[in-house]
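The residues making up each chain are set out below.
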Amino acid sequence: MSAAESSPVTPANPLFVPSPLPFGLPPFDDITPEHCREALLAGMSEQRAEVAAIVGSEEPPGFDNTVVALERSGRLLARAWSVFGNLTSSVSSPRVREIEREIAPLAAAHSDALRLDPVLFGRIADVHARRHDLGLDEESVRLVERYHLDFRLSGAQLDDAGRARLTELNQELSALTTTFGQNVQLAMEAAAVHVDDVAELDGLSAEELAAARTAAADRGLDGWLLPLLLPTRQPVLAKLRNRDLRRRVHEASVHRASAGEHDNGPVAVRIATLRAERARLLGFDTHADLVLADQTARTTEAVDAMLASMVPASVANARAEAAVLAEAAARDGIELAPWDWSFYSEQVRAERYAVDTAALRPWFELDRVLVDGVFHAAELLYGFRFTPRPDLVGYHPEVRVWEVTDADGTALGLYLGDYFAREGKRGGAWMNSFVTQSRLLGTSPVVVNNLNVSRPPDGRPALLTLDEVDTLFHEFGHALHGLSSSVTYPRFAGTSVPRDFVEFPSQVNEMWAMWPEVLAHYARHVDTGELLPASVVEAVDAARLWGEGFATLEYLAATLLDQAWHRVAPDAAIGDPVEFERAALEAAGVASELVPPRYRTTYFNHVFAGGYSAGYYSYIWSEVLDADTVEWFKENGGLRRANGDAFRQKLLAVGGSVDPLSAFRAVRGRDADPAPLLRRRGLAPA
Ligand SMILES: [Zn+2]
């Protein structure tokens, strides 16, 4: 943003009109946070007027005057959100956060009012009932179904009494989930482990000791403090030589928020019970059924079948790892306990799989990885070409812009890259869309990738870690999903697919990072130009497999726990939450003395405070699709245009406009097979 943030709103708000720039790239240089605020407010009121016109129409409800009109509505709001949403994540400031706090409740009320409008729902339901008799194409039928489901999940079909109860339930749940998250935070702070004697911290580096010292001082304590992190497994356990301290840290971790002032047990029980009641009110058996109605998996049976297929191999593999660790522990005269796992796991890793991944960075120079790796693979697979457009500016001087063209020279859209960490940018890596592709609106995609790579000293090239290389390929996979989009309705463009599907294409794109032909094209030493030796690549692969038994089992245990909590009946007598958890893990065959769930009930923020209730399974669900698709590429000759074209046309291009699993079957020729994922994780013979 170039203008002063406190400047008053100018009459010429650039967001009020479609951008005149190529592909509708927002004119970032001219847009201030105040413009965004003004456009968000005006955008909501504009959409209210548009919806009022649909609702008040004298014409009988039809596809065009109701569903398409709704799909077309809210353009100004969408334009303002795309720019403001990016401000909040990539170039935030105190003023941006202030606007965010002001707008968030207004935006929630805006979308509630829209989705709970009984007259609007009546018109949609009318079209929905006749959707197969209207001569609509497949994508249009799906659009009707999509809107109908959105409204039904929001409770638009309820009578006044039902609606009143739903509002009560939503309010109590909103308060409870906030309490749950705050309890986790407070209980976690309270459970930090205090150490008086520095000798007990043997194994930590000087830097880690200094951090522990500062953590103690920050709380006005003498000595050292080891704060807890999410999830269950604490990284510090891999290093601490003092066994008793390891035990204390482990126990503090697994008992977080399970007693006393910040006890989340009763909160979890209440949340599960109220969610169950809400699901029944909305016409579903359980909360899990309600959540899955909107997902690729569709049914609890499908989720159960997938998870069950992984349990035996994960349990067996974790046992095999435990046997190796028990042997290492026995050399120290120790009988392996849960708090010893990470410590001996690190020992075994260092002995068997000595790879210094930090030493690989000189082979991964950012621009080389991007142009000769990521772009190169996309060119070979899809025929895409990337031309720098230095004449187009991003929202920050570090943002770079490329124009993307198809193999036949057709202009497809824009790709923006914002790779460095900086103040005002949130952590992690992600892809965002500024403009989504749509034939209805005549728009082409403008997408951005964000990473958080450390900025190199002036004049030095930016070097990536191996993880950052994977991340770049991953996020670019999301960008490809957006850039390949070829749909009519913006509701279905690119990455607008269910949560348990959206990571799948990006995970697939990671396969090219280590693909020999691609690697040989980009992984050259920054000073010598030497190629990354194949032996190093093999060692990295081997090291990645160690610990997969533990990782898969702890993940599955948390996932099955999530499912158990969200399949209870509203009137179920849950009783003691700790006992509920124990019984659920036992019943699912994942109870293990040595491998506790990745999250236990009382600190499972994803499902009790975040948006992942009954959805924690989705990480591995999309990875099953990913691993099976990687096999398909390999079976068909790997990095070939024919493969890329098939994947693009049948899967990437259709976005959410067809059933995602049908799109998967169109590529793979059958349903997904979990075996490739088990092999990838070393859980089944290769
Ligand atoms: Zn992703």
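All values derive from a computational prediction rather than experimental measurement.

S.K.: For this particular structure, what's the right way to read the overall build of the protein chain?
M.R.: Across its full length, the protein chain carries 25 helices and seven strands. The C-alpha radius of gyration computed for the protein chain amounts to 26 Å, which stays within 12% of the reference 26 Å derived for 686 residues, consistent with globular compactness. Here the C-alpha coordinates of the protein chain stretch approximately 85 × 65 × 55 Å along the principal axes. Expressed as a percentage of the 686 residues in the protein chain, the buried residues total 53%. A separation threshold of at least 6 residues defines the contact pool for the protein chain, and within that pool the share at least 24 residues apart is 74%. Counting only carbon and sulfur atoms, one obtains 52% of the accessible surface of the protein chain, whose full area is about 28800 Å². The centroid of the 66 positive side-chain charges in the protein chain is displaced by 2 Å from the centroid of its 96 negative side-chain charges.

S.K.: Would you take a moment to explain the side chain of Arg-163 for this structure?
M.R.: Note on placement: Arg-163 falls in helix H7 (residues 160-190). We note that Arg-163 is buried and unpaired, the nearest opposite charge coming from Asp-160 at a distance of 4.3 Å. Among the polar contacts made by the side chain of Arg-163, one reaches the main-chain carbonyl oxygen of Leu-158 at a distance of 3.1 Å. Those residues in contact with Arg-163 that sit more than four places away from it in its chain are Leu-116, Pro-118, Ala-156 and Leu-158.

S.K.: Please clarify how the coordination of the zinc ion should be interpreted in this entry.
M.R.: The textbook angles at a metal center are 109.5 degrees for a tetrahedron of four donors and 90 or 180 degrees for an octahedron of six. The coordination sphere of the zinc ion, as far as protein atoms go, consists of His-474 (NE2), His-478 (NE2) and Glu-503 (OE), spread over 2.1 Å. In terms of primary sequence, the donors binding the zinc ion are separated according to H-x3-H-x24-E. Taken as a pair, His-478 in helix H15 (residues 466-483) and Glu-503 in helix H16 (residues 499-509) lie far apart in primary sequence, 25 residues in all. A relative accessible area of 27% places Glu-503 in the partly exposed class.

S.K.: Sorry if this is basic, but what is going on with the packing of aromatic side chains here?
M.R.: Two aromatic rings, taken as a pair, are described by how far apart their centres are and by the angle between their planes. Tallied over the entire structure, the rule returns 37 aromatic pairs. Consider the rings of Phe-473 and Tyr-522, whose centres lie 6.0 Å apart with planes at 40°: the pair is tilted. Placement of the pair is Phe-473 in helix H15 and Tyr-522 in helix H17 (residues 516-522), with a sequence separation of 49 residues. In this pair, the class of Phe-473 matches that of Tyr-522, namely buried. Taken together, the aromatic side chains of Phe-501, Phe-504, Trp-512, Trp-515, Trp-632, Phe-633, Phe-647 and Phe-664 make up a single cluster linked through ring pairs. Over the ring of Phe-343 we find Arg-246; its NZ or CZ atom is 4.4 Å from the centre of that ring. Lying across the ring of Trp-430, Arg-426 places its NZ or CZ 3.9 Å from the centre.

S.K.: I'm lost on the packing of H16 against helix H22 (residues 618-635) in this one. Help?
M.R.: Describing two packed helices takes the angle between their axes plus the distance from one axis to the other. Remark: H16 packs on H22, axes separated minimally by 8 Å, with the N-to-C direction vectors making an angle of 35°. The interaxial crossing formed by H16 with H22 has right-handed handedness. Contact with H16, carried on its side by Arg-499, Asp-500, Phe-501, Glu-503, Phe-504, Gln-507 and Val-508, involves Ser-618, Tyr-619, Trp-621, Ser-622, Glu-623, Leu-625, Asp-626, Thr-629 and Phe-633 of H22 and no other residues of that element. A per-class count over the contact of H16 with H22 returns seven nonpolar, four polar and five charged.

S.K.: Help me understand the packing of helix H3 (residues 75-90) against helix H4 (residues 94-115), please; the structure alone is not making it clear to me.
M.R.: With their axes 11 Å apart at the nearest point, H3 and H4 run at an angle of 140° to one another. Taken together, the axis directions place H3 and H4 in an arrangement best described as oblique. Where H3 crosses over H4, the handedness of that crossing is left-handed. Within the contact between the two elements, H3 uses Leu-77, Trp-81, Phe-84, Leu-87 and Thr-88 and H4 uses Val-96, Ile-99, Glu-100, Ile-103, Ala-107 and His-110.

S.K.: Would you explain the sheet that holds strand S6 (residues 430-435) in this entry?
M.R.: The strands making up a sheet are joined through hydrogen bonds of the backbone, oriented either antiparallel or parallel. Across the sheet, five strands lie side by side as S3-S4-S5-S7-S6; this open sheet has mixed pairing. Looking along the sheet, the strands with just one partner apiece sit at the ends: strand S3 (385-388) and S6. Sheet twist, expressed as the average angle between the axes of neighbouring strands with direction ignored, equals 30°. Along the sheet, H15 makes contact with S3, strand S4 (400-405), strand S5 (411-420), S6 and strand S7 (446-453), crossing S7 at roughly 170°.

S.K.: Looking at this structure, I do not really get the pattern of salt bridges. What am I missing?
M.R.: Side-chain pairs of opposite charge can arise where the charged atoms are in close proximity. This structure, assessed with the given rule, holds 48 salt bridges. Salt-bridge contacts for Glu-168 lead to Arg-165; the nearest nitrogen and oxygen are separated by 2.6 Å. Note that Glu-168 and Arg-165 are positioned in helix H7 at a spacing of three residues, about one turn of the helix. Taking relative accessible area as the criterion, Glu-168 reaches 45% and is therefore assigned partly exposed. A salt bridge links Arg-241 to Asp-202, with the nearest nitrogen and oxygen atoms 3.0 Å apart. With Arg-241 in the loop between strand S2 (224-226) and helix H9 (243-254) and Asp-202 in the loop between strand S1 (193-195) and helix H8 (206-218), this residue pair connects regions lying 39 residues apart in the sequence. Residues participating in the shared-partner salt-bridge network are Arg-115, Arg-146, Asp-150, Asp-294 and Arg-491.

S.K.: What am I meant to see in the environment of Phe-386 here?
M.R.: Relative to the helices and strands, Phe-386 is located in strand S3. Residue Phe-386 is classed as buried on the basis of its relative accessible area of 15%. Considering only alpha carbons, one finds Phe-386 and Glu-403, 17 residues apart in sequence, at a separation of 5.7 Å.

S.K.: Would you explain the nonpolar core in this entry?
M.R.: Note that soluble globular proteins tend to have their nonpolar side chains buried in a common cluster. Core analysis: the largest hydrophobic core is formed by 146 residues, its most contacted members being Leu-226, Phe-364, Tyr-415, Trp-512, Tyr-522 and Phe-647. The greatest single-element share of this core, amounting to twelve residues, is contributed by helix H12 (residues 300-331). Ignoring sequence-local partners within four residues, the contact set of Phe-647 consists of Tyr-382, Phe-504, Val-508, Thr-629, Trp-632, Phe-633, Leu-652 and Val-667. By size, the runner-up hydrophobic cluster in this structure holds 29 residues, among which are Ile-31, Leu-76, Val-399 and Leu-414.

Cut-offs and rules
Residues numbered from 1 in each chain as written. Predicted model: local features only at pLDDT ≥ 70, side-chain atom pairs only at ≥ 80, totals over all residues. Heavy atoms only, no water. Helix = DSSP H or I, 4+ residues; strand = E, 2+ residues; numbered from the N terminus. Rg over C-alpha atoms; globule rule 2.2 N^0.38 Å. Buried < 20%, exposed > 50% of the residue type's maximum accessible area, 1.4 Å probe, protein only. Contact = heavy atoms within 4.5 Å. Areas by Shrake-Rupley, 256 points an atom, 1.4 Å probe, with all protein chains shown as cover. Lys, Arg positive; Asp, Glu negative; His and termini not counted. Charge placed at Lys NZ, Arg CZ, Asp CG, Glu CD. Salt bridge = Lys/Arg side-chain N within 4 Å of Asp/Glu carboxyl O. Polar contact = N/O pair within 3.5 Å; in protein donor to acceptor, adjacent residues only side chain to side chain. Donors = N, O, S within 2.8 Å, 3.2 Å for Na, K, Ca; no water. Phe/Tyr/Trp six-rings, centres within 6.5 Å; stacked < 30°, edge-to-face > 60°. Lys NZ or Arg CZ within 6 Å of the ring centre and 35° of its normal. Axes fitted to C-alpha atoms, helices over the stretch in contact; angles between N-to-C directions. Left-handed = near helix turned anticlockwise from the far one by under 90°. Nonpolar A, V, L, I, M, F, W, Y, C, P; charged D, E, K, R; others polar. Parallel < 35°, antiparallel > 145°, perpendicular 65-115°, else oblique. Pairing = 2+ DSSP bridges. Core = buried A, V, L, I, M, F, W, Y, C linked by side-chain atoms within 4.5 Å.

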